[in-house]
Amino acid sequence: MRPDDIINLKTAVHVTGRSEKTIRNWCKEFGIGVQPRPGAPLEISAPALEMVRHGDIAAQELLREGERHHRRSEGTLSTSEYHFKY
């Protein structure tokens, strides 16, 4: 996960309109977030969150593999609500 991809739990909840519990479950189920150490805040990948939110697990897997320029992952990275700058 790139440092400029990271958002916190509060932001993830606000942007998606989903509950904190749902975001935490997605982090566990899809591996889109990490807690670097006990007690530290959850660090969530904003691009991966958008991909999971829209059900595009294939694009999320490509992102995880480092394929940021694959046509499937680029669409999410460039058109999401975050307006990512890559």
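Refer to the structure presented above.
The residue numbering used here restarts from 1 in each chain and proceeds along that chain's sequence as written. It should be noted that, the model being predicted, local features are given only for residues of pLDDT at least 70 and side-chain atom pairs only at 80 or more, the latter also being counted only at that level, while totals for whole chains, interfaces and linings use all residues. Excluded from the side-chain calculation are hydrogens and water; included are all heavy atoms of the structure.

Concerning the overall build of the protein
Phase 1: Secondary structure elements are defined from DSSP: runs of H or I of at least 4 residues count as helices, runs of E of at least 2 residues count as strands, and each element is numbered from the N terminus. Summing up its helical and strand segments, the protein has five helices and three strands in all.
Phase 2: In the protein, the succession of α and β elements from N to C terminus is β-α-α-β-β-α-α-α.
Phase 3: Here the term buried applies to any residue with accessible area under 20% of the maximum for its type, exposed to any over 50%, and partly exposed to those in between, with areas from a 1.4 Å probe on protein chains only. In the protein, which comprises 86 residues, the proportion classed as buried is 41%.
Phase 4: Residue contacts are counted whenever heavy atoms from the two residues lie within 4.5 Å of one another. Sequence-distant contacts in the protein: of pairs separated by 6 or more residues, those separated by 24 or more amount to 50%.
Phase 5: Accessibility throughout is a Shrake-Rupley quantity obtained with a 1.4 Å probe, and a residue counts as covered only by protein chains that appear here. A total of about 5,400 Å² of accessible surface is found on the protein, and carbon and sulfur atoms cover 49% of it.

A look at the sheet that holds strand S3 (residues 43-45)
Phase 1: Between any two strands, pairing holds if DSSP finds at least two bridges. Spatially, S1-S3-S2 is the arrangement adopted by the three strands of the open sheet, whose pairing is antiparallel. Pairing within the sheet leaves two strands with one partner each, and these edge strands are strand S1 (6-7) and strand S2 (33-34).
Phase 2: Where S1 and S3 come together, two bridges link them in antiparallel fashion. Within S3, the residue paired with Ile6 across the bridge is Ser45.
Phase 3: Helix H3 (residues 46-53) rests against S1 and S3 of the sheet, and its axis sits at about 60° to S3. To obtain each axis, a line is fitted to C-alpha atoms, and for helices this fit is confined to the stretch in contact; angles are then taken between N-to-C directions over 0 to 180 degrees.

As for the environment of Arg53
Phase 1: Locating Arg53 in the fold gives a position in helix H3.
Phase 2: Once the C-alpha coordinates of Arg53 and Arg18 are considered, the two residues, 35 residues apart in sequence, prove to be 9.3 Å apart.
Phase 3: Looking at Arg53, its side chain comes within polar contact range of the side chain of Glu50, at 2.9 Å. The term polar contact refers here to a pair of N or O atoms within 3.5 Å; inside protein, the definition further demands a hydrogen-donor-capable atom paired with an acceptor-capable atom, and it admits residues adjacent in sequence only when both atoms are side-chain atoms.

A closer look at the packing of helix H1 (residues 9-16) against helix H2 (residues 20-30)
Phase 1: Closest axis-to-axis distance for the H1/H2 pair is 9 Å, and the angle between their directions is 110°. Overall, the two elements H1 and H2 adopt an arrangement that is roughly perpendicular. Here H1 contributes Leu9, Ala12, Val13 and Thr16 to the contact with H2, which in turn contributes Glu20, Ile23 and Arg24. Angular relationships are summarised with four words: roughly parallel below 35 degrees, roughly antiparallel beyond 145, roughly perpendicular across 65 to 115, and oblique for the angles in between.

Observations regarding the environment of Lys10
Phase 1: Secondary-structure assignment places Lys10 in helix H1.
Phase 2: We classify Lys10 as exposed; its relative accessible area is 71%.
Phase 3: For the pair Lys10 and Ile23, spaced 13 residues apart in sequence, the C-alpha separation works out to 9.7 Å.

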